[in-house]
Structures are given as C-alpha cells and as structure tokens.
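Here are the chains, one letter per residue:
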Amino acid sequence: MRSTCVGVELRGANEALRKLKEEGLLRKGLIPRRVGGRLLIPVEDPARAAELVGGEVCEDDFEVSERGKTYKDLLKGALPDEVHASLPRSYDVVGDIAIIRLGEEHLPFGKAVAEAIMRVVKNVRVVYASLGVEGEWRVPRLVHLGGERRSETVHREYGVRIFVDVARAYFNPGLGEEHRRVAGLVRDGEVVADLFAGVGPFALHIARLRRALVFAVDINPWAISCLLRSLTMNRLVGRVAAVSGDARDFLSVVGDGVLDRVIMNLPHHATEFVPGVLPKLRCGGWAHVYVVATSPEEAVSAVSRRGLEPVGVRDVIDYAPRKWVFVVDSRKVC
Ligand SMILES: C[S@@+](CC[C@H](N)C(=O)[O-])C[C@H]1O[C@@H](n2cnc3c(N)ncnc32)[C@H](O)[C@@H]1O
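Residues numbered from 1 in each chain as written. Predicted model: local features only at pLDDT ≥ 70, side-chain atom pairs only at ≥ 80, totals over all residues.

> Help me out: how do you make sense of the site of the ligand in this one?
In the vicinity of the ligand, 21 residues are found, and the nearest of them are Phe196, Gly198, Asn220, Ala247 and Asn265. When contributions to the shell around the ligand are tallied by element, the ones reaching two or more residues are helix 7 (201–209) and strand 14 (213–218). Counted by class, the shell around the ligand contains 13 nonpolar, four polar and four charged residues. Among the domains, domain 2 (71–150) and domain 3 (168–331) are the pair contributing at least three residues each to the shell around the ligand. (Near = placed C-beta within 6 Å. Helix = DSSP H or I, 4+ residues; strand = E, 2+ residues; numbered from the N terminus. Nonpolar A, V, L, I, M, F, W, Y, C, P; charged D, E, K, R; others polar. Domains from an automatic or database assignment.)

So, in structure tokens, the structure goes:
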C-alpha cells in the first residue's frame, strides 16, 4: 500500500522507531522496508516525523501486515522448511506488479508465493519471479507466478507517474529517492544528459522540477518508448529530448564544453565512459557516476582515476553481500 514515510539510516533506525511510536506518528498495519542503507518507515505526518528523527520525507509502497504477518508468515507450514527458509524476505513493487528474486528451485512453489504476496500487498495484481538481470539492456529474466498476465504498469514516485514495462526495460523502485535528489540539484537553464536513462525517471523528475534542457539517452528502444508514454501522462511533452541509441554516438555529436551535468547510472561500466564525457562537460560541470564497489573509498578512487574530481559519495542500493551501488558526485576541474 502507498504511504508517506520517513527515511532514516539503518544505524539509528531502532531509536527512530521508538520515538515515532511514542509520538503516535507510526502508520499502523504497514511494515517498514529497507532500501539501500536506509529504513523507510510509514508515518502519518511525514514533515513532523522527519523533524523528530532527523530523516527525509518520502513516499513508497509498503507491505500490509495481516495482523502483523508477512508473506513468509502466511507460507509457514505450506512449503517444505528448507524452501521456506531460503525464500527472500523482501520483493520489489513496481506500480501494481510485485517482482521477487527467486532461484529456479523456488519456481515449483511460485503460485503459493504469488498468492501470499497478493494477500499482504492489496494493490498488487501481478507477481513475477526475477531470475536475475541480464544483457546490455539490464532487463530482468521474469517468470509469471500469479495474477494478471501483463508486464506494463504505472509506478508513482513523489508525484511523477512512470510508465514501465517490467519485462522489457530496467526499473528499480529503490532508486526513487535518488531520482528526486539528483533532480533537486539541477538549476534552471542547465543542459543535462542522462546517458543511461532507462525508462527516464531522472529526466522526468528534472523536467517536472526545473526549466532545463534534458537529454535522456538509452540503447534499449523499449525503455525510450516507456519514457515517451510517461512524458505524455505527466504533460511534459517537449521538455525532454528522448534519444534511442548508444551513449557513445550521442556524445560524438555533442559539442565540447556544452553539458552542465551528466548522469551516468550504468554501475558496472559507467567509469569507462568518463573519458568520452570529460571534453563535453563545461569547466565546473557535474557528473553523477554510479559504481559497484565494496566501500565508498573504492568508488571514489574508481572515479578520480578517470580524471573527475569527486565531491561527495553515498550508497544508493545494496548490490550483493558487502557490495553496494555508490553514487560519486563529481566535477570537472579545469
Ligand atoms: C541501470 S539501468 C538505468 C536505470 C535508470 N537510470 C533509472 O534510474 O531507472 C542502465 C541502462 O543503460 C542502458 N545502456 C546500457 N548500455 C548503454 C549504452 N552504451 N548507451 C546507452 N544506454 C545504455 C540500458 O539499456 C539500461 O536501460
């Protein structure tokens, strides 16, 4: 269920939960969820709650507790113990589609898993298993587990409606806060290029917030087609130049020193594109480079090695045990 929330660092999460409970600000019946290094806590009065615990106001989907039960609680006793124990605790919700990361060994129990998820998250109409993300387009390998047979949906992120085809384009609902954060850094009049735009959430947030010239580039034409649908739905047609193609080809036609800001969310390969980006950035221009690393220091050094000056670093989402996706906010120094 959609709810306003407050995002806090995991380290202080128990203390924050205690304070919010004391003040009667917790939303009853919704289960807090972990996104990256933060806990999102559903609350009644987000501004007051954020002030109380020093967190950030947010909006997200939360599992409804059936008298405090999770989907795994509902499945206890219904599956072999070893299968039950190995099921993940959480799953993503994109619009009204739930996507749970499973192994092949879980698939025979997929129908029960889907039914349990649809019981606890009332607005979910479709459930897929994801067997991993693959290929240059970073598209998940999905298996339908239950509910309606479709892969298109509309996901809401802080009031922006994002059209997503979960079977044909990459989308991660855990990046909502990051999309909004980067959009908030853009100033009116900037020329911005999102080089690996996916279905275009960064571009949509920027276009909604600022008068900027935004290019959203992606090599996956299905992702660009989703972005075009979103531009219409959000009445933002003409505010984003959607480019279907390779970021290298896009950069080859951009003049030197033209870009004020570049967003590079292709965590395994973004740093390889930095040499091509540098001449296109103006002096003092910004690059937000996403990197898979085991520590903030490792992420920063991967970016500085390529000639950008790192200014800040934060972890954005979990990637694997002891590996995170970090964003390194960096500048071109001349
Ligand atoms: C991690 S996803 C992007 C997610 C998106 N920025 C978001 O926040 O939802 C990476 C995207 O880069 C695209 N991609 C991969 N190689 C590319 C290239 N050489 N040029 C342009 N896009 C590319 C993929 O198709 C994929 O949509």
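> When you look at helix 6 (residues 176–185) in this model, what are you seeing that I'm missing?
Each α-helix turn comprises 3.6 residues. Residues three or four places apart therefore point the same way. Of all ten residues making up helix 6, seven are buried, and the element is well covered by its neighbours. Within the span of helix 6, buried status applies to Gly176, Glu177, Glu178, His179, Arg180, Val182 and Ala183. (Buried ≥ 20, exposed ≤ 12 C-beta atoms within 10 Å, placed from the backbone.)

> Please explain the environment of tryptophan 222 as it appears in this structure.
Mapping tryptophan 222 onto the fold places it in helix 8 (residues 221–233). Residue tryptophan 222 is classed as partly exposed on the basis of its C-beta count, with 17 C-beta atoms lying within 10 Å. In this structure, the C-alpha to C-alpha distance between tryptophan 222 and alanine 169, residues 53 residues apart in sequence, is 6.3 Å.

> Is there a simple way to explain the nonpolar core in this structure?
What tends to happen in soluble globular proteins is that the nonpolar side chains get buried as a cluster. By size, the foremost hydrophobic cluster in this structure holds 85 residues, and its most contacted members are Ala98, Ile117, Ala203, Leu227, Met264 and Phe326. If you tally residues by element for this core, the top one is strand 17 (residues 281–293), at seven residues. The residues that make up this core include at least three from each of domain 2 (71–150) and domain 3 (168–331). Every residue in contact with alanine 203, bar those within four places of it in the chain, is listed here: Asp194, Ala197, Val214, Ala216, Leu227 and Val240. (Core = buried A, V, L, I, M, F, W, Y, C linked by C-beta atoms within 7 Å. Contact = placed C-beta atoms within 7 Å.)

> Which parts of the structure should I look at to understand unusual backbone geometry?
With the exception of glycine, the majority of residues adopt a negative phi angle, and the majority of peptide bonds are in the trans configuration. Here the phi dihedral of arginine 138 falls at roughly 55°; this positive angle occurs in a residue that is not glycine. In this structure, arginine 138 sits in the loop between strand 9 (126–134) and strand 10 (139–147). Residue arginine 138 is classed as partly exposed on the basis of its C-beta count, with 19 C-beta atoms lying within 10 Å. Backbone geometry at arginine 235 places phi at a positive 55°, although glycine is not the residue there.

> Would you take a moment to explain the sheet that holds strand 19 (residues 323–331) for this structure?
Strand pairing in a sheet relies on backbone hydrogen bonds. The paired strands run either parallel or antiparallel. Ordered in space as 15-14-13-16-17-19-18, the seven strands form an open sheet in which the pairing is mixed. In this open sheet, the two strands that pair with only one neighbour each are strand 15 (240–244) and strand 18 (309–320). Pairs of neighbouring strands in the sheet enclose a mean axial angle of 15°, with direction left out of account. Two elements, strand 17 and strand 19, share eight bridges in a ladder whose sense is antiparallel. Each residue of the ladder has a partner; that of valine 292, found in strand 19, is valine 325. In the packing of helix 11 (residues 296–304) onto the sheet, contacts are made with strand 17, strand 18 and strand 19, and the angle to strand 17 comes to roughly 135°. (Pairing = 2+ DSSP bridges. Axes fitted to C-alpha atoms, helices over the stretch in contact; angles between N-to-C directions.)

> Explain the sheet that holds strand 4 (residues 38–42) here, please?
Strand order across the open sheet formed by four strands is 3-4-1-5, with antiparallel pairing between neighbours. Sheet topology places strand 3 (33–35) and strand 5 (56–61) at the edges, where each strand pairs with a single neighbour. This sheet shows a mean twist of 40° between the axes of neighbouring strands, independent of strand direction. For strand 1 (residues 2–9) and strand 4, the ladder comprises five bridges, and the chain directions are antiparallel. Considered in strand 4, the bridge of valine 8 is made with leucine 39.

> What exactly am I supposed to notice about the packing of helix 1 (residues 13–22) against helix 2 (residues 46–53) here?
Any two packed helices are characterised by the angle at which their axes cross and by the distance between the axes. Between helix 1 and helix 2, the shortest axis-to-axis distance is 10 Å and the interhelical angle comes to 130°. The angle between helix 1 and helix 2 falls in the class oblique. For the element pair helix 1 and helix 2, the recorded crossing hand is right-handed. Residues Ala16, Lys19 and Leu20 of helix 1 touch helix 2, and the partners they reach there are Ala49, Leu52 and Val53. (Parallel < 35°, antiparallel > 145°, perpendicular 65-115°, else oblique. Left-handed = near helix turned anticlockwise from the far one by under 90°.)

Purely geometric numbers; function is a separate question.
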